[in-house]
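Structural description and commentary
Okay, here's what each chain looks like letter by letter:
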Amino acid sequence: MSQKQILLNAFTMNCVGHIHHGMWTHPQDRSVEFNSLNYWADLARLLERGLFDGIFIADILGVYDVYQQGIDLTARESIQLPVNDPLMLVSAMAGVTQHLGFGVTANLSYEAPYPFARRLSTLDHLTQGRVGWNIVTGYLDSAARAMGNKQQLAHDRRYDQADEFLDVTYQLWEGSWHDDALVVDRQRRLYADADKIHLINHQGEFYQVEGYHLSSPSPQRTPLLFQAGTSARGIQFAARHAECTFVNARSPDAMRQQTQRLRQAAMDAGRHADDLRIFMGVGVIVAPTEREAQEKYRSYLEYASPEAGIAHFSSSIGVDLAAFDLDAPIETGDTRAIESVSKAYSGWTRRRLLEQHAMGSRYPLIIGDPAQVADALLQWIDEGDIDGFNLTHILNPQSYSDFIDLVVPELQQRGRYKTAYQPGSLRKKIFQQQDRLPDRHPAARWRQAAHFN
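Keep in mind the model is a prediction, meaning the values are calculated, not measured. (Residues numbered from 1 in each chain as written. Predicted model: local features only at pLDDT ≥ 70, side-chain atom pairs only at ≥ 80, totals over all residues. Heavy atoms only, no water.)

Overview of the overall build of the protein chain
As a reminder, the rule being used: Think of it this way: any DSSP run of H or I at least four residues long counts as a helix, any run of E at least two long counts as a strand, and we number them from the N terminus. Put simply, the radius of gyration uses C-alpha atoms, and a globule should come to 2.2 Å times the residue count raised to 0.38. When a residue's accessible area, from a 1.4 Å probe over protein chains only, is under 20% of the maximum for its type it is buried; when over 50% it is exposed; and in between it is partly exposed. Should any heavy atoms of two residues lie within 4.5 Å, those residues are counted as being in contact. With residues, only the protein chains shown are counted as cover, and all accessible areas are computed by Shrake-Rupley using a 1.4 Å probe. When charges are counted, Lys and Arg contribute as positive and Asp and Glu as negative, whereas His and the chain ends are disregarded. One atom stands in for each charge, and that atom is NZ of Lys, CZ of Arg, CG of Asp or CD of Glu.
Assigned secondary structure in the protein chain consists of 15 helices and 13 strands. Over its C-alpha trace the protein chain gives a radius of gyration of 22 Å, about what one expects of a compact globule, namely 22 Å for 453 residues. Within the protein chain, the proportion of its 453 residues that are buried is 57%. Taking all contacts inside the protein chain whose residues are at least 6 apart in sequence as the whole, residues at least 24 apart take part in 76%. Of the accessible surface of the protein chain, which amounts to about 18,700 Å², a share of 48% is contributed by carbon and sulfur atoms. Seen as two clouds, the 44 positive and the 54 negative side-chain charges of the protein chain have centres 4 Å apart.

Here is the structure:
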C-alpha cells in the first residue's frame, strides 16, 4: 500500500460564504473580515505554521441567480457575493510567509492572454516561485451577460478556447525570453540583450497576439497549473495541461476509477501517470475525543444553511431547484454549467439534496478524534489513489487551527505528513523535482535549447 505523504491546501475564497454556507453567522467565524489584509496575513501565517503546501483561492465571475430566479437568498446568505479578486491577496500573504504556495483561480474566458501572462509572472517573481493558476472557463450565464454576451459558449467550446489560451501563454512564458537575456551590466549600460528576447506571433481562432512577453523569466516561468473538471472534455484538457487536478467522488473506490482515468489520459497524451497530483475537497471537524467532535458538529448544524447550499448547487447545474417538489426527481438535461456535476446528480430529489447539504455544502465531511480523522484521510489517499486534499473551512480560521493542532501531529507520527518544508518553488515542493515544467509537458515545445543554461 502507498506510503506517500499527504499534500494539503487550504481551500477558501475572497468572500464571506464559500463552501459551507451559513457558517458566517457563527460567532467564532472571522469570514466577514475578508476585506482586511490582516485577516489574510493571519491566515497565511497559520497555514505556514501547519506546513500547508498552499492556499487554494477559488473565484467566480457572475452571481448565483438561478435558484428562485434571482439573488435574494444569494445576497441574504452571502453565497459568494460579494466576492473580491483573489490575485490581489497574494503579495500580502507572500510578504508574511516563506514557503506557503498560492493557487489562484482565474477565468480565462474573460481574460486576454497577453496582460494575464504578465500578472502571473509578476506574482511568480514577487513570491519567488510560489504561484499556481487554477484554470477555469466559468459556468455562469450571469457572467457572460455581464461581459456583454447573451450566454456562455457551449461546454466543449470553452475548452477549445482554453486550449488556445494556454498555447498563447506558454509562448509568452516559455518562448519569449532566453534564460540569459538579462545581463544587468552597469559598466556596459546593458540591462537586457535584445537578441535573446523573441516576439511571439500567434494567429489562431480565438486569439491574435503579436508581442514580447513584458516580464523577464520568473522562477517557474509557467506557474504551477491546477484544473478541475472530470467531464470527457475536461479530462482531455487535464491530460494535456494540468499538473494538479481537483476532483470529488462519493467513495474511495469511485475516486480510484476517476484517478485511473485521469492518469491514463495523461499517459495517452505523452506524459507520465505521476505528472498529475490529484486533490480532493473535504471538510474536517476534529476534537480531542470523538464525543467532543460530534458535539461540535451538532452545534455547527444550528448555523448552517442547507437551502443556501442548494441555491449554490442550482447554479452549478444550471437548474432552478426551487421549482421542484421536495420528492420529485430532478432532471438536469443538457447544460452549459458544470457538466460532470449535472450528470452525477440527475434523478436526485430536493429533499435528498437538502439532507446532503446539512452543513451548507455537498463536500464530504470527516468528523472524529485525531486518529479517526487521520484514518479516514489515509483511506482516501491509499484506496482512492489521490495525492492530497483541498481542506475547506467550517469556521475560518478555527477549522484550520484545529486541524494543525490535532491532525497534523497524528499524520506526522505516522510518517504521512512532512515535518519541515523543502526549499524551492511551489512546483518543486509538490513534485520534488525541478522549478520548471518537465520537457514532456506540451509547453516545453516553445522552448529553444539556447534559452536554458
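There's plenty left to go through after this.
Details of the environment of Arg362
In this structure, Arg362 sits in the loop between helix 12 (350–356) and strand 12 (365–368). The exposure class assigned to Arg362 is partly exposed, which follows from its relative accessible area of 27%. Distance from Arg362 to Tyr114, taken between C-alpha atoms, is 37 Å for residues 248 residues apart in sequence.

Examining the packing of aromatic side chains
Applicable threshold: Each aromatic pair joins two rings of Phe, Tyr and Trp (for Trp, the six-membered one) with centres within 6.5 Å, and gets the label stacked for planes under 30 degrees apart, edge-to-face for over 60, and tilted for any other angle. Only when the NZ of Lys or the CZ of Arg is both within 6 Å of the ring centre and within 35 degrees of the ring normal is a charge said to sit over the ring.
In this structure the tally under the stated criterion is 16 aromatic pairs. Plain terms: the ring middles of Phe206 and Tyr207 are 6.5 Å apart, the flat faces sit at 45 degrees to each other, and that makes the pair tilted. Among the aromatic residues, ring-to-ring pairing joins Phe11, Phe56, Phe226, Phe246, Phe279 and Tyr363 into one connected group. Lying across the ring of Trp348, Arg352 places its NZ or CZ 3.5 Å from the centre. The residue whose ring lies beneath Lys418 is Tyr417, and the NZ or CZ to ring-centre distance is 4.6 Å.

Here we look at the pattern of salt bridges
Note the threshold: What makes a salt bridge here is a side-chain nitrogen of Lys or Arg within 4 Å of a carboxyl oxygen of Asp or Glu, nothing more.
Per the counting criterion, the structure on display carries 32 salt bridges. A salt bridge links Arg414 to Asp375; its shortest N-O distance comes to 2.6 Å. Linking Arg414 in the loop between helix 14 (398–413) and helix 15 (426–431) with Asp375 in helix 13 (residues 370–384), this pair joins segments that are 39 residues apart in sequence. Put simply, Arg157, Asp160, Asp163, Asp167, Glu205, Arg233 and Arg240 are held in one network by salt bridges that share partners.

Observations regarding the packing of helix 8 (residues 252–268) against helix 13
Selection criterion: Note on definitions: angles span 0 to 180 degrees between N-to-C directions of axes, and those axes are lines fitted to C-alpha atoms, for helices only across the stretch in contact. When describing relative orientation, an angle under 35 degrees is termed roughly parallel and one over 145 degrees roughly antiparallel, while 65 to 115 degrees is termed roughly perpendicular and anything else oblique. In a left-handed crossing the near helix is turned counterclockwise from the far helix by less than a right angle, and in a right-handed crossing that turn is clockwise. Three classes are used, and their members are as follows: Ala, Val, Leu, Ile, Met, Phe, Trp, Tyr, Cys and Pro are nonpolar, Asp, Glu, Lys and Arg are charged, and the others, Gly among them, are polar.
Axis separation between helix 8 and helix 13 bottoms out at 8 Å; the angle between their running directions is 45 degrees. Classified by the interaxial angle, the pair formed by helix 8 and helix 13 is oblique. Considering the relative orientation of helix 8 and helix 13, their crossing is right-handed. Contacts between helix 8 and helix 13 pair Pro252, Met255, Arg256 and Thr259 from the former with Gln379, Trp380, Asp382, Glu383 and Gly384 from the latter. Of the residues in the contact of helix 8 with helix 13, the class split is three nonpolar, three polar and three charged.

A closer look at helix 14
Basically, it comes down to this: Residue count minus one, scaled by 1.5 Å, sets the expected span of a helix. The angle between axes fitted to the seven-residue stretch ending at a residue and the seven-residue stretch beginning at it gives the bend at that residue.
In this model helix 14 runs 22 Å from its N-terminal to its C-terminal C-alpha over 16 residues, within 8% of the 22 Å that 1.5 Å per residue would give. At Ile404, helix 14 is bent by approximately 40 degrees, the largest bend along its length. Regarding helix 14, the residues found buried are Gln398, Ser399, Tyr400, Ser401, Asp402, Phe403, Ile404, Val407, Val408, Glu410 and Leu411. Buried residues belonging to helix 14 abut strand 1 (7–13), helix 1 (37–49), strand 11 (277–286), helix 9 (290–301), helix 13 and strand 13 (388–391). Count one or two residues on from helix 14 and you reach Gly415, which has phi positive near 75 degrees.

So, empty space enclosed by the protein
Put simply, the rule reads: We place a 1 Å grid over just the protein atoms. Points where a 1.4 Å probe fits but has no way out form a cavity, open points with protein on both sides within 12 Å along at least 5 of 7 lines form a pocket, and any residue with an atom within 4 Å of a point lines it. Grid points are joined across faces, edges and corners, and a volume is the space filled by probe spheres set on the points.
Enumeration according to the criterion identifies four cavities of 30 Å³ or more in this entry. Estimated volume of the largest cavity: approximately 100 Å³. Along the walls of the largest cavity sit Glu243, Arg271, Asp275, Arg427, Phe431, Gln433, Gln434, Arg436, Leu437, Pro438, Arg440 and His441, which together make up its complete lining. Taken together, the residues of the lining of the largest cavity break down into three nonpolar, three polar and six charged.

As for the confidence of the model for the protein chain
Heads up, the rule is: A residue's pLDDT is the confidence the predictor assigns to it, expressed on a 0 to 100 scale.
Confidence along the protein chain averages 94 in pLDDT terms, with 95% of residues attaining 70 or more. Considering only residues more than four positions removed or in separate chains, one finds that residues 449–453, a stretch of pLDDT under 50, has 17 contacts.

Here we look at the packing of helix 13 against helix 14
For any two helices packed against each other, one specifies the inter-axial angle together with the distance between the axes. For the pair helix 13 and helix 14, the least separation of the axes is 9 Å and the interaxial angle reads 65 degrees. As for the relative orientation of helix 13 and helix 14, their crossing is right-handed in sense. Taking contact as the criterion, the partners of Pro370, Ala371, Val373, Ala374, Leu377 and Leu378 in helix 13 are, on helix 14, Phe403, Leu406, Val407, Glu410 and Leu411. The residue makeup of the contact of helix 13 with helix 14, split by class, is 10 nonpolar, no polar and one charged.

Let's talk about the pairing of strand 3 (residues 101–107)
Side-chain direction in a regular strand flips from residue to residue, so the side chains alternate between the two faces of the sheet. This is how the line gets drawn: Two strands pair under a simple rule: DSSP has to find at least two bridges between them.
Counting buried residues in strand 3 gives seven out of seven residues, a clear majority hidden from the surface. Where burial is concerned, the two faces of strand 3 agree: the one with Gly101, Gly103, Thr105 and Asn107 and the one with Phe102, Val104 and Ala106 are both buried. Across four bridges, the pairing between strand 2 (residues 54–58) and strand 3 is parallel. Looking at strand 3, one finds that Phe56 is bridged to Gly103. Pairing analysis gives six bridges linking strand 3 to strand 4 (residues 131–136), with the strands arranged parallel. Its bridge partner being in strand 4, Ala106 is matched across the sheet by Ile135.

Topic: the side chain of Gln171
Short version of the rule: In protein, a polar contact requires one atom able to donate a hydrogen and another able to accept it; more generally it is a pair of N or O atoms within 3.5 Å, and residues adjacent in sequence count only if both atoms are side-chain atoms.
If you trace the backbone, Gln171 turns up in helix 6 (residues 155–175). Residue classification places Gln171 among the buried residues on the basis of a relative accessible area of 6%. A polar contact of 3.2 Å, which involves the side chain of Gln171, links it to the side chain of His202. Contacts of Gln171, omitting those with residues within four sequence positions, involve Ser176, Ile200, His202 and Trp446.

Remarks on helix 9
Threshold: Our arc is simply the arc of the directions from the helix axis toward the C-beta atoms.
Taking 1.5 Å as the rise per residue, helix 9 with 12 residues should run 16 Å; its terminal C-alpha atoms sit 17 Å apart, in good agreement. Residues Ala293, Lys296, Tyr297 and Tyr300 constitute the buried set of helix 9. Down the axis of helix 9, the buried set is contained in an arc of 100 degrees. They therefore lie on one face. On its buried face, helix 9 is in contact with strand 11, strand 12 and helix 14.

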